[in-house]
Amino acid sequence: MRAAPKYAGSGDVRVGHAADRDRRRALQGVGAAVLAPSALSLLTRSFAEGRARDRARADYSAAAGLGAALGLVVGGLVADLISWRAGFFLNVPVGIAMVMLALFVLVELWAVQPIVPLRLFASGERSGAYVTRMLYMGVMIGFFFFTAQFVQSVYHWTPLQAGLSFLPMTLVDFVLAVQVPRLLERASRPQVLTTGLALTMVGMAWLSRLDLHTPYLTGVALPMVLIGAGQGQVLAPLTSSGVDGVAAADAGAASGLVNTVHQIGSALSLSILTAVAASVSTSQAAADIAARSGAALTGSAVLLALALAATLTLILPARTRPHERSL
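Criteria and cut-off values
- Residues numbered from 1 in each chain as written.
- Predicted model: local features only at pLDDT ≥ 70, side-chain atom pairs only at ≥ 80, totals over all residues.
- Heavy atoms only, no water.
- Helix = DSSP H or I, 4+ residues; strand = E, 2+ residues; numbered from the N terminus.
- Expected span 1.5 Å × (residues − 1).
- Buried < 20%, exposed > 50% of the residue type's maximum accessible area, 1.4 Å probe, protein only.
- Polar contact = N/O pair within 3.5 Å; in protein donor to acceptor, adjacent residues only side chain to side chain.
- Contact = heavy atoms within 4.5 Å.
- pLDDT = per-residue confidence, 0-100.

Time to look at helix α3 (residues 124-153). Spanning 30 residues, α3 covers 43 Å between terminal C-alpha atoms, matching the ideal 44 Å at 1.5 Å per step. For α3, a buried count of 21 out of 30 residues is recorded, marking the element as mostly surrounded by other parts of the structure. Backbone nitrogen of E125 and a side-chain oxygen of the N-cap are separated by 3.3 Å at the start of α3; the cap is S123.

Mapped onto the fold, F166 is located in the loop between α4 (159-164) and α5 (167-186). With a relative accessible area of 9%, F166 lands in the buried category. A sequence separation of 22 residues divides F166 from F144, and the C-alpha atoms of the two residues are 8.6 Å apart. Among all residues touching F166, those that are not within four sequence positions of it are F143, F144, T147, A148 and M224.

Next up on the list: helix α6 (residues 189-207). Across its 19 residues, α6 extends 27 Å between first and last C-alpha, which sits within 8% of the 27 Å expected from 1.5 Å per residue. Within α6, burial applies to R189, P190, V192, L193, T194, G196, L197, T200, G203, M204 and L207.

Turning our eyes to something else, we now look at the confidence of the model for the protein. On average, residues of the protein score 76 in pLDDT, and 67% of them reach the 70 mark or higher. By mean pLDDT, helix α1 (residues 3-83) is the weakest element of the protein at 49, and α6 is the strongest at 95. This model gives residues 1-15 a pLDDT under 50, and the stretch forms zero contacts once residues within four places in sequence are excluded. This stretch, residues 84-89, has a pLDDT under 50; its non-local contacts, to residues over four places away or in other chains, come to five contacts.

In this fold, R189 is placed in helix α6. Of the residues examined, R189 reaches a relative accessible area of 6% and is grouped as buried. Within the local environment of R189, its side chain forms a polar contact with the side chain of E125, the two groups lying 2.7 Å apart.

Shown next, in the form of structure tokens:
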């Protein structure tokens, strides 16, 4: 008789354990019900992304080809400019680069997911913004490169002093840049942009008159004020024009293209300006730096004139059409 209660108690324990197992299994089932669709979704997404990567593989190859083509353009142009001739062998890199660029365009035309959608260039305003930005940023890189060399070699300033010598430009640039939204309330985007380009061009032409006897205040600092005032009005409108009117699907590509032409312009223009500077030489080291800096900055003024022409012929007409905004 004593065994019965013991058996009953063991049965109760077994029943309790079974209930616990049932609850755990129920919870596991709920968890599986929740996780299964998520897992399937992740697998489906991974499969789709894998297919997208396969489709875009040609685009990565096209991007690599574009980089190689740009490298050949820079190298070929530098070789021609340094030698000041256009011999066949010196033009071979440029010729190969042109072929590679043409192939890149063909690949992008047929690519399912192009890295650079060519429809971005359908807008005259965006195309003008890309060209202008490429030229302008190359000029500014050259400006910092050659002006820093000048003040250190001719004035014999330390690197710290050379850095401080750019303050007139930096301060004016900052003041004008924060005022651009207010300027755009009173004038159109092309007006602000062309004013900034013109100021930068005048300042660069003034600065290009450098020689051994150029005083800092009137020969360097005051031109820098004009350059800073110009840059403060140029960059924001250029960025806006580079992404204006694009479809939502192309917003990332347009933004990336703005940064790409920024980098391309810096490399290409600095290579050209360096080659122009290398063509000038004198018998004295300091005079040599002064002459080379002046030649490079003169080339910068010419590039700015081309940038201004691109703005007037591409951006200005596009922004003054009746169906487009004026700001």
